[in-house]
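Read off the chains here:
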Amino acid sequence: MFAVGVQDAVDWELREMASQPQSTHVFSVDTFPALQSIIQDLVVGLCDAVTQSGGFPVANEAPVAGGGTAQDTADLVLLIDGSQNIGAANFPYVRELVLRIIERLDVGRDTVRVALVLYNSSPEIKFYLNSFYSKSSVLDAVKALTYTEGDESNLGAALEEVAESLLSETSGGRADEGVPQMLVVITAGPSTDDTGAGDRALKRASVITFGVAIGDTATADLETIATDISFVQSASDVREVANIGDQLLPLINGVIQRTIIVQNEFTEVIQSKTVGNRDIIFLIDGTMGPANINNVRSFIREFVESMPIGPDQVQVGIALFSGSPRVEMDLNTHDTKEKIISALSTIKPRPAQVVNIGAALNFVRERMLQPEKGSRIQQGVPQLVMLLTSKRSGDSVEEPASALRELGVLTLAAGAKAADEQQLKQIAISDDAVFYDKDMRPLIKTKKEKMISALSTLAGGVPTTTVTEETIVETTKMVRDIVFLVDGSNYVGSSNLPYVRDFMINTINQLDVGPDRVQVGLLQFADRPKIEFYLSNYRTREEVVEKISQLRLTGGSAVNTGAAMNYALDNMFHSSRGSRRRQGVQQVLVLITGGPPQDQVKSVADRLALAGVLTFTVSSGQADEALLQSVAFVPTLAFHARSFSGLPGLAEQIMPELVTVVGDTDVAVFQEETVVGGERDVAFLIDGTDRVQADFAYIKDFIIKVIEPLDIGDDKVRVSVVQHSERPTPSFYLNTYKTKDEVIRAVQGLRVTGGRSLNTGSALRFMKDTILSGSYGGRAPQNVPQFLIVLTGGRSTDNVREPAGALKTDGVVPFGVGVKDADPKQIEAISHNPSFAFNVKEFSELSTIPQRLNNYVSLPREELEVVLQQVDTRRDIVFLLDGSDDSRNGLPAIREFVRRMVEELDVGEDKVRVGVILYSDDASIYFNLITHRSKKAIIYAVRSLRHKGGKSRNTGAALQFVQDHVFTTSSGSRHLEGVPQILFLLTGGKSKDDVSRAAFGLKQIGVMSFAIGMKNAGQEELQKIAFSSRYVFNLPFFAEILSIQPDLVAFVQTEISAKPATVVESPQRDIVFLLDGSDNTQSDFPAIRSFVEQMVETLTVDENRDRISVVQYSGDPQTHFNLNTYMAKQDVLGAIQRLNHKGGISLNTGVALDYVRKNAFAESSGSRHQQGVPQILILLSDGRSQDDVARFLGSSQDKNHKVL
């Protein structure tokens, strides 16, 4: 007990209260201002008392990793405001403060770990708690910090990032070991977002938060989030900030040394209000920017936390909109508070110049307030929609809002910034339901309680009368095929692209898009045309708008408008692409351009007019307005905006003509469309199990719809159908029928063959070896394109990936169609690439797929080849990094090169996979191709990369290591699926060993090696390693590598296409591995296991090819798996990787050989010796047998048995 007396305090009373010795526990001063003079002595006394207190928790010194005790350890995160609050001129002062703090700490792996984050509109982690374990490394990283700029200072988002990403064990955090975790926030202004969620997350994690406030405006936020108000230090001016370190360090060291212990008793009490059942949809303007989106997320989170959430209580849905709306969560998507709050983090901004609130309100009414989406409107449960926006709507809101009110929906409207208050009043049910402020943050802070109260108490009347006629608002009912032809050249450029997109979206939002109404296609052009999607690709307005919102320009200086118009006429307005001109549907071309055409356009415009196509022109920039009037069907269909920003407004002007003008059909002369011809082999492999019995009519109808447009004939398109369950059953072969009528009659007469399960992998092999072969009508040797359409309603019980890869290797183009219980991953693995895979929930939905299939099947051969090359973006990329001693100085540049490469790649399990290998004297895997499945995880691992070290540089051995251990199926390589295998070698000098053999081996298996030499690398050696001379780079300095990174990533993304893997036909073999499992091999068993893995990698494992068994022995033998246990290589490899050492003192090889002969090579175990299949035994032994081997060996060898 310490006693402090001021002014008239009684001295004896102080002594009576204080602990002994009184000389250190009693303090007296004459005035209150004089209290300042005793603070230092009091702090020292407090620290001494804590240290000497045997019963205090800090006296129990828990051990920590690496020795020592739990004392003198801490995890310290520095969170620095990098926005304009600090400013570029003042940032060096802040950096100096951080350096002063770190210099006086005992930084190390087992002492104080340091992480640092800069934030403005969003946080950026500069380094993690486990990025650096030495003080010098941390100081160097801080010295390299630069000012990041930014108008916004979103401290709330930064606090959330710290809580989510920096405190865990994977990020170096040691909270589980009892190590205290501290956060120091340094800022010079107020936060522009809500800090509540981040603050609560940190308090829940028991993080001790300190604050450094520069100036007067930062203090309030910091005092709110700090663990204690006394933990906030202030400086009136940035030039005084360096002195704050002297005040802050005693506090930080107090935590580190456990002389300051904070008993965090933070308890979050969330009391759900008593609220009646209601369905609430938040309709959010996605263009508000990250800060305002964060504010809105925080508001919804707080609302959800206060509500009784559940399917029988309050349900919440969310939609996000800009030019077009999309669902973030339906009312029935999440049924608990936790799930909704977790899903809020996925809501991200959607930049756009224009918002269409009217279309968004219609979207909510038509798509979200439906029983199947969770709405309880038919049960009379109140339906509420709350709009949150920062812009004026680009379309009309009055009728959509009125349509919601007619349904009895209660609408609330909250707006800020450029939102139109009058529009908000048109939307809301009353003026009391309108909330407006100049900015979203103060709006939510000041009006939050009123908005939550309104959402939880309003209960208007839901009409009980049946609505007999649906009101379609702001759309025009008519039938048209409209193709947008967009100038993708530099005359438009990426800065003006949003205006072009918004024009198209504003137009489409006023149309009734659907397969029996308006169909939309999109084509862009510069020097050459590029099809984005056909008329038949997308069936709803939302799908079309979503696709347009993702449009990216091709770029280029040429504007070949005439060629593009010609291409559109020949390729887009075609029945196989969805055109309905033969049914008399008006065909429309809308040309949008910003530059002068560099080819002939007038004659092409005449050709379009003669074909009955209405051409509209929409232009701006340097487009020739007069010329475009002659290109349009009539001059009044040419529209021009003085600037690109005026394009979105043209949507209102073009609509009346777009929906009313018709072409002169009397003069329309179409070149007669022939039914799709050309030679094709089209085979169907369909589900024939018992489970599809009730839906088999849908399957037959699907086949007929696919083949109807085809020009079937012996010299044209041939068709085959095969059913499969446990085994495949041909219904008819490619050469069975010669006419379309015969094929259709055969399909109509199909009956389900039956069966319990699906062995699709086995059926795929049958299709390759039998159905598509020359013996049964296949014409692959004549270079005829072959298509395989696989349709299943369930999951295959065998492996489909390898047989599908073999089909692709043979040039077959497979499509996967999955229904009901089909595994989407298997369907994708079967397909040529993910865009060739289709999945629907019910068999009745199969009718949506045939047109899309025909878009591919009917392509001319040249276009088909282009499509097949362009669409597959999968890559397996391995970085082989020189870690020898003389490359140490190059590590930062090498690490940054790899990080930048990964940053620009489309990383994912089914996209780009990445591995990193380090080498010097030997090679080691830092992570392989399947270790990390997200870009974030890989970048984090790369940032943590440490120098390997080693005197020698054995590049040849490293290349061989990569071939043997990395470009393998077990390490994640997809070479058997034809995925490009790419190696980047980064080396700082000549190899000590020979590289020729290993480099040749990599080329033989199709690995494309880039050889990048720096400093002292040899040109001749690099050329030997590289896949070709184009893949060689020799640079004078390590830092130069960053200059070639953009070209390399572009090259990898665009110029390397998937090449089928070379699969060598394999004979049939039964192979048994007999492994010494005695004590002698215990330390070497991993090498034995690796040897077996490598052997299996070279084999073609399959029921009808190579079968594998493994037996381990010591005194007695033990079978791990038989020849008929696994029929897929991946399964065999997995079983081998799980092998454990058997153990045993004795070694009886003779007994083991006899066991193998009688058991492993028995017919019941899967042996095919009676069919003449070679029987091969591979024995791996590390000692002399203790029994007679010769006696047993003779009986094990005959003409069909080989022992190695």
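Just so it is clear, the structure is predicted and the values come from calculations on it, not from any experiment.

Novice: Would you mind going over the overall build of the protein chain with me for this structure?
Specialist: Scanning the protein chain from N- to C-terminus turns up 38 helices and 37 strands. For the protein chain, the C-alpha radius of gyration of 36 Å lies close to 33 Å, the compact-globule estimate for 1204 residues. Counting contacts in the protein chain only where the partners sit at least 6 residues apart, residues at least 24 apart contribute 77% of the total. Counting every atom, the protein chain has about 50,400 Å² of accessible surface; 47% of that belongs to carbon and sulfur.

Novice: I'm lost on the sheet that holds strand E7 (residues 208-214) in this one. Help?
Specialist: In sheet architecture, strand pairing relies on hydrogen bonds along the backbone and comes in two forms, parallel and antiparallel. On the basis of which strands lie adjacent, the open sheet formed by six strands has the order E5-E4-E3-E6-E7-E8 and mixed pairing. Of all the strands in the sheet, the pair left with one neighbour each is strand E5 (123-127) and strand E8 (232-235). Neighbour to neighbour, the strand axes of the sheet diverge by 20° on average, direction disregarded.

Novice: Is there a simple way to explain the nonpolar core in this structure?
Specialist: Generally speaking, soluble globular proteins have nonpolar side chains that are buried together. Judged by nonpolar contacts, the single largest core of 64 residues is most densely connected at Phe684, Phe702, Phe815 and Leu846. Take this core: its biggest share by element is seven residues, from helix H22 (residues 696-707). The residues touching Phe815, leaving out its near neighbours within four places in the chain, are Phe787, Leu788, Ile789, Val790, Ser831, Phe836, Phe838, Leu853, Tyr856 and Val857. By size, the runner-up hydrophobic cluster in this structure holds 63 residues, among which are Val916, Phe1010, Ile1025 and Val1052.

Novice: I'm lost on helix H17 (residues 541-549) in this one. Help?
Specialist: Side chains that are three or four residues apart share a direction in an α-helix, a result of its 3.6 residues per turn. By the burial criterion, the buried members of H17 are Arg541, Glu542, Val544, Val545 and Ile548. In a view along the axis of H17, the buried residues occupy a sector of 165°, so they form one face of it. Where the residues of H17 are buried, they touch helix H12 (357-368), helix H16 (493-508), strand E16 (518-525) and strand E17 (529-533).

Novice: I would appreciate a short explanation of the packing of helix H18 (residues 561-571) against helix H19 (residues 602-610) in the present structure.
Specialist: A pair of packed helices is characterised by two quantities: the angle between their axes and the separation of those axes. Axis separation between H18 and H19 bottoms out at 8 Å; the angle between their running directions is 20°. Comparing the axis directions of H18 and H19 gives the class roughly parallel. Relative to H19, the crossing made by H18 is left-handed. The residues of H19 that touch H18, namely those facing Gly562, Met565, Asn566, Leu569 and Asp570, are Val604, Ala605, Arg607 and Leu608. Residue composition of the contact of H18 with H19, by class: five nonpolar, two polar and two charged.

Novice: Honestly, the sheet that holds E17 in this entry has me stumped. Any pointers?
Specialist: In spatial order, the strands read E17-E16-E15-E18-E19-E20; together these six strands make up an open sheet with mixed pairing. Taken across any chain shown, the strands that pair with only one partner, and hence form the sheet edges, are E17 and strand E20 (638-640). In this sheet, neighbouring strand axes are inclined to one another by 20° on average, regardless of whether the strands run parallel or antiparallel. Bridging between strand E19 (residues 613-619) and E20 involves three bridges; their strand directions are parallel. Its bridge partner being in E20, Val618 is matched across the sheet by Phe639. Set on the sheet, H18 makes contact with strand E15 (480-487), E16, E17, strand E18 (586-593) and E19; between it and E16 the angle comes to about 145°.

Novice: Got a minute to help me understand the pairing of strand E9 (residues 278-285) in this structure?
Specialist: Every other side chain in a regular strand lies on the same face of the sheet, so the side chains alternate between the two faces. By the criterion of burial, E9 is predominantly enclosed, with eight of the eight residues buried. Residues of E9 alternate between two faces, with Arg278, Ile280, Phe282 and Ile284 on one and Asp279, Ile281, Leu283 and Asp285 on the opposite face, all of them buried. Bridge analysis of E9 against strand E12 (residues 383-389) gives six bridges, and the strand direction is parallel. By the bridge assignment, Leu283 is partnered in E12 with Leu387.

Novice: Can you help me understand the pattern of salt bridges in this one?
Specialist: Should the charged atoms of two oppositely charged side chains come close, the side chains can pair. With the rule as written, the count across this model stands at 43 salt bridges. Arg376 is paired through a salt bridge with Asp279; the nearest N and O atoms lie 2.7 Å apart. With Arg376 in the loop between H12 and E12 and Asp279 in strand E9, the pair connects residues that are 97 residues apart, well separated along the chain. In this pair, the class of Arg376 matches that of Asp279, namely buried. Put simply, Glu896 and Arg899 hold a salt bridge, and the shortest N to O gap is 2.8 Å. Taken together, the residues Glu896 and Arg899, both in helix H29 (residues 891-904) and three residues apart, mark about one turn of the helix.

Novice: Looking at this structure, I do not really get the confidence of the model for the protein chain. What am I missing?
Specialist: Any region with low pLDDT has predicted coordinates that should not be read closely. Residues at a pLDDT of 70 or more form 90% of the protein chain, whose mean pLDDT is 84. Low pLDDT, under 50, characterises residues 267-273; the predicted model gives this stretch 16 contacts beyond four residues in sequence or across chains.

Novice: What should I look at first to understand the environment of Pro728 in this one?
Specialist: Mapped onto the fold, Pro728 is located in strand E23 (residues 728-732). A sequence separation of 263 residues divides Pro728 from Ser991, and the C-alpha atoms of the two residues are 54 Å apart. Setting aside anything within four residues of it in sequence, one finds Pro728 in contact with Val722, Gln723, Ala763 and Phe766.

Novice: What exactly am I supposed to notice about the side chain of Ser393 here?
Specialist: Among the structural elements, Ser393 can be located in the loop between E12 and helix H13 (398-406). Setting aside anything within four residues of it in sequence, one finds Ser393 in contact with Val355, Asn356, Ile357, Gly358 and Gln423.

Novice: Where do I start with the environment of Asn130 in this structure?
Specialist: Tracing the sequence through the fold places Asn130 in the loop between E5 and helix H5 (135-143). Residue class for Asn130 comes out buried when judged on its relative accessible area of 16%. Separated by 16 residues in sequence, Asn130 and Val114 place their C-alpha atoms 7.9 Å apart. For Asn130, the contacting residues outside a window of four places in its chain are Thr170, Ser171, Gly172, Tyr940 and Arg946. At 2.8 Å, the side chain of Asn130 forms a polar contact with the side chain of Tyr940.

Novice: What am I meant to see in the packing of aromatic side chains here?
Specialist: Note on aromatic pairs: each is described by the distance of the centres and the angle between the planes. One pass over the full model with this rule turns up 19 aromatic pairs. Aromatic pair Phe879 and Phe897: ring centres 6.3 Å apart, planes at 85°, arrangement edge-to-face. With Phe879 in strand E27 (residues 875-882) and Phe897 in helix H29, this pair connects stretches of sequence that are 18 residues apart. Given a relative accessible area of 0%, Phe879 falls into the buried group. One aromatic cluster in this structure is built from Phe879, Phe897, Phe984, Phe1010, Phe1027 and Tyr1031.

Reading the values: rules and limits
- Residues numbered from 1 in each chain as written.
- Predicted model: local features only at pLDDT ≥ 70, side-chain atom pairs only at ≥ 80, totals over all residues.
- Heavy atoms only, no water.
- Helix = DSSP H or I, 4+ residues; strand = E, 2+ residues; numbered from the N terminus.
- Rg over C-alpha atoms; globule rule 2.2 N^0.38 Å.
- Contact = heavy atoms within 4.5 Å.
- Areas by Shrake-Rupley, 256 points an atom, 1.4 Å probe, with all protein chains shown as cover.
- Pairing = 2+ DSSP bridges.
- Axes fitted to C-alpha atoms, helices over the stretch in contact; angles between N-to-C directions.
- Core = buried A, V, L, I, M, F, W, Y, C linked by side-chain atoms within 4.5 Å.
- Buried < 20%, exposed > 50% of the residue type's maximum accessible area, 1.4 Å probe, protein only.
- Arc of directions from axis to C-beta.
- Parallel < 35°, antiparallel > 145°, perpendicular 65-115°, else oblique.
- Left-handed = near helix turned anticlockwise from the far one by under 90°.
- Nonpolar A, V, L, I, M, F, W, Y, C, P; charged D, E, K, R; others polar.
- Salt bridge = Lys/Arg side-chain N within 4 Å of Asp/Glu carboxyl O.
- pLDDT = per-residue confidence, 0-100.
- Polar contact = N/O pair within 3.5 Å; in protein donor to acceptor, adjacent residues only side chain to side chain.
- Phe/Tyr/Trp six-rings, centres within 6.5 Å; stacked < 30°, edge-to-face > 60°.

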